[in-house]
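# Structure assessment
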Amino acid sequence: MIRKKSFLSLLFAGILATGCKDKAEKVQESISEPITFTQEAEAYLVKTSGDTIQHLQLEIADDDYQRETGLMYRNSMEQDQGMLFIFEKEEPRGFYMKNTNIPLDLIFLDSENRIVSISKNAKPKSLETIPSEAPAQYVLEVNAELSDQWNLTVGDSLILNRE
């Protein structure tokens with residue numbers, strides 16, 4: 001009887017594992033068309049001096065599904081585009097690049113929209129956690145190397161105009 005239960009447990013576990021793998025493959029296969037950018041807001045990155053650094057078109061990720069999906073499965077993004085992740089409260093944040101095909105800079109902002117840390121050139125598809133160096137309520141993802149190109153520093157800010 002014990003062997004029967006063990007065999008059935010192993011068989012059931014195998015079926016579950018196969019089902020999960022099949023489901024993941026189906027999700028990947030269902031993304032046959034490229035995911036396109038949908039502008040939901042515009043924003044300006046501003047130096048502490050008040051000088052405007054860059055105008056951006058943004059997609060917004062403000063619910064659990066959008067925050068979990070982010071820029072996954074995208075193959076490119078224009079230089080004046082980005083995704084802004086909005087959270088309910090300010091706290092330490094950690095992101096990863098699972099299923100993200102393009103290298104990104106992650107710009108962590110506090111509740112006052114000030115940059116508290118910048119993580120540069122996040123490696124595509126990496127499962128390594130990218131932490132904020134201080135509590136953040138917002139995270140802006142842009143193409144890699146743009147934070148250097150724009151000379152962004154901690155203390156600079158984002159002015160958001162949500163449509």
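In short, a report on the structure. (Residues numbered from 1 in each chain as written. Predicted model: local features only at pLDDT ≥ 70, side-chain atom pairs only at ≥ 80, totals over all residues. Heavy atoms only, no water.)

For Asn143, the location among the structural elements is in strand β8 (residues 136–143). Residue classification places Asn143 among the buried positions, given a relative accessible area of 8%. Within the structure, Asn143 has its side chain in polar contact with the backbone oxygen of Glu78 (distance 3.2 Å). (Helix = DSSP H or I, 4+ residues; strand = E, 2+ residues; numbered from the N terminus. Buried < 20%, exposed > 50% of the residue type's maximum accessible area, 1.4 Å probe, protein only. Polar contact = N/O pair within 3.5 Å; in protein donor to acceptor, adjacent residues only side chain to side chain.)

So, on to the pattern of salt bridges. One pass over the structure, following the stated rule, counts nine salt bridges. Residue Asp156 pairs with Lys47 through a salt bridge whose shortest N-O separation is 3.0 Å. Here Asp156, found in the loop between α3 (146–149) and β9 (157–162), pairs with Lys47, found in the loop between β1 (41–46) and β2 (52–61); they are 109 residues apart in sequence, far enough to count as distant. Asp156 sits in the buried class, given a relative accessible area of 1%. Two residues, Lys120 and Asp148, come together in a salt bridge whose shortest N-O distance is 2.5 Å. Of this pair, Lys120 sits in strand β6 (residues 115–122) while Asp148 sits in helix α3, placing them 28 residues apart in sequence. Looking at Lys120, the relative accessible area reads 43%, which means it is partly exposed. Among the residues examined, Asp148 registers a relative accessible area of 47% and is labelled partly exposed. Here the salt bridges do not stand alone but share partners, grouping Asp64, Arg67 and Glu88 into one network. (Salt bridge = Lys/Arg side-chain N within 4 Å of Asp/Glu carboxyl O.)

It is worth spelling out the packing of aromatic side chains at this point. Per the counting criterion, the structure on display carries three aromatic pairs. Between Phe85 and Phe95, the ring centres sit 4.9 Å apart and the planes meet at 90°, which makes this aromatic pair edge-to-face. In this pair, Phe85 sits in strand β3 (residues 81–91) while Phe95 sits in strand β4 (residues 94–95), placing the two residues 10 residues apart along the sequence. For Phe95, a relative accessible area of 9% gives the class buried. Measuring from centroid to centroid gives 6.2 Å for Phe95 and Phe108, while their planes differ by 85°, and the two rings are edge-to-face. One end of the pair, Phe95, is in strand β4; the other, Phe108, is in strand β5 (residues 104–109), with 13 residues separating them in the sequence. Feature note: the residues Phe85, Phe87, Phe95 and Phe108 constitute an aromatic cluster, connected by ring pairs. Sitting over the ring of Phe87, Arg93 keeps its end group 3.8 Å from the ring centre. (Phe/Tyr/Trp six-rings, centres within 6.5 Å; stacked < 30°, edge-to-face > 60°. Lys NZ or Arg CZ within 6 Å of the ring centre and 35° of its normal.)

Moving on, we come to the side chain of Gln137. As for its position among the elements, Gln137 is in strand β8. With relative accessibility at 12%, the residue Gln137 sits in the buried group. Polar side-chain contacts of Gln137 include one of 3.3 Å to the backbone oxygen of Glu88. Gln137 has contacts with Phe85, Ile86, Phe87, Glu88, Lys89, Glu90, Leu109, Asp110 and Ser111, leaving out every residue within four places of it along the chain. (Contact = heavy atoms within 4.5 Å.)

Any link to function would need more than the numbers given here.
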